[in-house]
Amino acid sequence: MSSRQIYFDNNATTPLHPEVKKELVAAMEMFGNPSSMHAFGREARANVEDARHRVASFMGANESEIVFTGSGSEANNTVLSLFVCGSGQCFPGMRPKIVTSRIEHPCILETSECLVHRGVDVSYLEVDGYGKVDIDQLEAQLKAGGVGLVSVMMANNEIGTIQDIASISALAHQYGALMHTDAVQAFGKVPVDVNQLGVDFLTISGHKIYGPKGIGALYVRKGTPYCPFIRGGHQEKGRRAGTENTLGIMGLAMAVDMRKAEMESEAERLLGLKEVLRKGIEERIDEALFNGHPTDSVPNTLNVSFPGAEGESILLYLDLAGIAVSTGSACASGSLDPSHVLLATGVDAERAHGSIRISMGRATTLEEVEYMLDVLPGVIERIRNMSTAYIKA
């Protein structure tokens, strides 16, 4: 095991920003329930509402449109669950169909599958070889009628491809459907403005932007149909029951503040490192195949396949060298199935099994990228030499 520890898995989670850590430590002394009317509760409530304002401001929303949740997955489930609620008394006129894509996060795909068993009609959009959704197919679905919600992620967690959410939103609204985007992997990496995107719902998560785990937020455009996913109390103006996670909310707001200060310069720096990494892999490793869109992608993410080398073997050898990467979504860890995202782009199962995701972050340095380029070629060669099936082109 190497004494070096290099973290290239920032799409799975990010380390706490130093300023967020300071905020959390300072906030630990504040224990009041934000719903309580005494001084302890009022102090907590004031901090929650201040955080709400800061989070809303960063995405161009009104603070009344922000609902704090326990995670991005919970926020996504909340939006999709409208269709179960809609079949009852809350929204009797809601159209019964959801359109989403085949490359969504598991929390969208598995919830959609569950909803199918509960009587909701769900349709899946195909994507091209870069992971871009088929707009013509979407329009055909919308023209056919009955679509109540279109849900397409803004940036893919595995390959980094960014969708044209503004155009998709405009098309959805043209045919009377609501629009949701899972912006967990885009928020804080590229500009996210709810008004420019034109969405009705938007999801974010704290631990993807150097904030704490266990906190997320859902943007709900004013006047949009809404039904709480978690019931029981009056918290979040009746939109999400349960005592607010004051500590997490304050940490999320500080993480957002740091994104506001650092995002633009960091994106430029990471894009440069990504290009160094891409060129270095192309020059040093035969038959390296890059996945995702070459330009319309988040600046920190590079997904690459190595024929003749299995992804989990690459991951383990790199781990021994002190380098942490991923073979795809951390939420699918433990599955022996190839990436559903890569399969949807037309990649065959063998190539999908031989892929790794390298996702850099604010702490990534050029030295770390160069170390990766020194180690990775030897790892791929070693695995290929052990393969009885690999034949060099």
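Since we're looking at a predicted model, the values are computed, not measured. (Residues numbered from 1 in each chain as written. Predicted model: local features only at pLDDT ≥ 70, side-chain atom pairs only at ≥ 80, totals over all residues. Heavy atoms only, no water.)

Participant: I keep staring at the overall build of the protein and nothing clicks. Help me out?
Facilitator: Within the protein, the secondary structure is distributed over 14 helices and 12 strands. Reported as C-alpha extents along the three principal axes, the dimensions of the protein are approximately 65 × 55 × 35 Å. Looking at the protein as a whole, 57% of its 393 residues qualify as buried. A separation threshold of at least 6 residues defines the contact pool for the protein, and within that pool the share at least 24 residues apart is 73%. Approximately 16,800 Å² of the protein is accessible, and the part contributed by carbon and sulfur atoms is 53%. Of the charged side chains in the protein, 35 are positive and 48 negative, and the gap between their average positions amounts to 5 Å. (Helix = DSSP H or I, 4+ residues; strand = E, 2+ residues; numbered from the N terminus. Buried < 20%, exposed > 50% of the residue type's maximum accessible area, 1.4 Å probe, protein only. Contact = heavy atoms within 4.5 Å. Areas by Shrake-Rupley, 256 points an atom, 1.4 Å probe, with all protein chains shown as cover. Lys, Arg positive; Asp, Glu negative; His and termini not counted. Charge placed at Lys NZ, Arg CZ, Asp CG, Glu CD.)

Participant: So what exactly am I meant to see when it comes to the sheet that holds strand 12 (residues 355–359) here?
Facilitator: Paired through their backbone hydrogen bonds, the strands of a sheet run either parallel or antiparallel. Here we have 3 strands laid out as an open sheet, ordered 9-10-12, and antiparallel in their pairing. Among the strands making up the open sheet, the edge pair consists of strand 9 (289–291) and strand 12. In this sheet, adjacent strand axes meet at a mean angle of 30° when their direction is disregarded. One ladder, built from 5 bridges, connects strand 10 (residues 301–305) with strand 12; its direction is antiparallel. Bridging across to strand 12, Asn-303 finds its partner in Arg-357. (Pairing = 2+ DSSP bridges. Axes fitted to C-alpha atoms, helices over the stretch in contact; angles between N-to-C directions.)

Participant: Just to check I follow, could you spell out the side chain of Glu-266 for this structure?
Facilitator: Along the chain, the position of Glu-266 falls in helix 10 (residues 246–284). Beyond its immediate sequence surroundings of up to four residues, Glu-266 is in contact with Tyr-210, Arg-259 and Arg-362.

Participant: Looking at this model, I keep getting lost on the packing of helix 1 (residues 18–27) against helix 10. Mind explaining?
Facilitator: Each packed pair of helices is defined by two parameters, the angle between the axes and the distance between the axes. Their axes nearest at 9 Å, the elements helix 1 and helix 10 cross at an angle of 155°. If you check the angle between helix 1 and helix 10, you find them roughly antiparallel. Handedness of the helix 1/helix 10 crossing: right-handed. Here helix 1 contributes Glu-19, Val-20, Glu-23, Leu-24 and Ala-27 to the contact with helix 10, which in turn contributes Leu-247, Met-250, Gly-251, Met-254, Ala-255 and Met-258. For the contact of helix 1 with helix 10, the residue count by class is 8 nonpolar, 1 polar and 2 charged. (Parallel < 35°, antiparallel > 145°, perpendicular 65-115°, else oblique. Left-handed = near helix turned anticlockwise from the far one by under 90°. Nonpolar A, V, L, I, M, F, W, Y, C, P; charged D, E, K, R; others polar.)

Participant: What am I meant to see in the sheet that holds strand 4 (residues 121–125) here?
Facilitator: Spatially, the 7 strands line up as an open sheet ordered 2-8-7-6-5-3-4, and their pairing is mixed. In this open sheet, the two strands that pair with only one neighbour each are strand 2 (66–69) and strand 4. With strand direction ignored, the average angle separating the axes of adjacent strands in the sheet is 20°. As paired elements, strand 3 (residues 97–101) and strand 4 share 5 bridges and run parallel to each other. Counted as the bridge partner of Thr-100 is Tyr-124 from strand 4. Lying on the sheet, helix 3 (residues 72–80) is in contact with strand 2, strand 3, strand 5 (147–151), strand 6 (178–182), strand 7 (201–205) and strand 8 (216–220); it crosses strand 7 at an angle near 160°.

Participant: Sorry if this is basic, but what is going on with the nonpolar core here?
Facilitator: Here is a general trend for soluble globular proteins: nonpolar side chains tend to be buried in one another's company. In this structure, Val-55, Met-59, Ile-66, Phe-68, Val-150 and Leu-202 are the most contacted members of the largest nonpolar core, which totals 59 residues. Discounting residues that sit within four places of it in the chain, Phe-68 has contacts with Val-48, Ala-51, Arg-52, Val-55, Ile-215, Gly-216, Ala-217, Glu-236, Arg-240, Ile-249 and Leu-252. Ile-281, Val-304, Leu-318 and Ala-321 belong to the second largest nonpolar core, which has 30 residues in total. (Core = buried A, V, L, I, M, F, W, Y, C linked by side-chain atoms within 4.5 Å.)

Participant: It is not clear to me how helix 14 (residues 366–386) should be interpreted in this structure. Could you clarify?
Facilitator: Residues lying three or four places apart along an α-helix face the same way, a consequence of the helix completing one turn every 3.6 residues. Taking 1.5 Å per residue, 21 residues should reach 30 Å; helix 14 reaches 31 Å between its end C-alpha atoms and fits that length. A bend of about 25° at Val-375 is the largest found in helix 14, and the proline Pro-377 appears one to four places after it. Glu-368, Val-369, Tyr-371, Met-372, Leu-373, Val-375, Leu-376, Pro-377, Val-379, Ile-380, Ile-383 and Arg-384 are the residues of helix 14 that are buried. Looking at the buried positions of helix 14, the neighbouring elements they touch are strand 1 (6–7), helix 10, helix 11 (311–320), strand 11 (323–324) and strand 12. (Expected span 1.5 Å × (residues − 1). Bend = angle between axes of the 7 residues up to and from the residue.)

Participant: What's the story with the pattern of salt bridges in this structure? I'm lost.
Facilitator: Any two side chains of opposite charge can pair if their charged atoms end up close together. One pass over the structure, following the stated rule, counts 16 salt bridges. A network of salt bridges, in which partner residues are shared, links Arg-45, Glu-49, Arg-52, Glu-236 and Glu-244. (Salt bridge = Lys/Arg side-chain N within 4 Å of Asp/Glu carboxyl O.)

Participant: I tried to follow helix 11 on my own but got confused; where do I start?
Facilitator: Restricting attention to buried positions, one finds in helix 11 the residues Gly-311, Ile-314 and Leu-318. An end-on view of helix 11 places all buried positions within 60° of arc, on one side of the element. The residue sitting at the N-terminus of helix 11 and contributing the capping side-chain oxygen is Glu-310; that oxygen lies 2.8 Å from the backbone nitrogen of Glu-312. Positive backbone phi, at 90°, marks Gly-322, one or two positions downstream of helix 11. (Arc of directions from axis to C-beta. Polar contact = N/O pair within 3.5 Å; in protein donor to acceptor, adjacent residues only side chain to side chain.)

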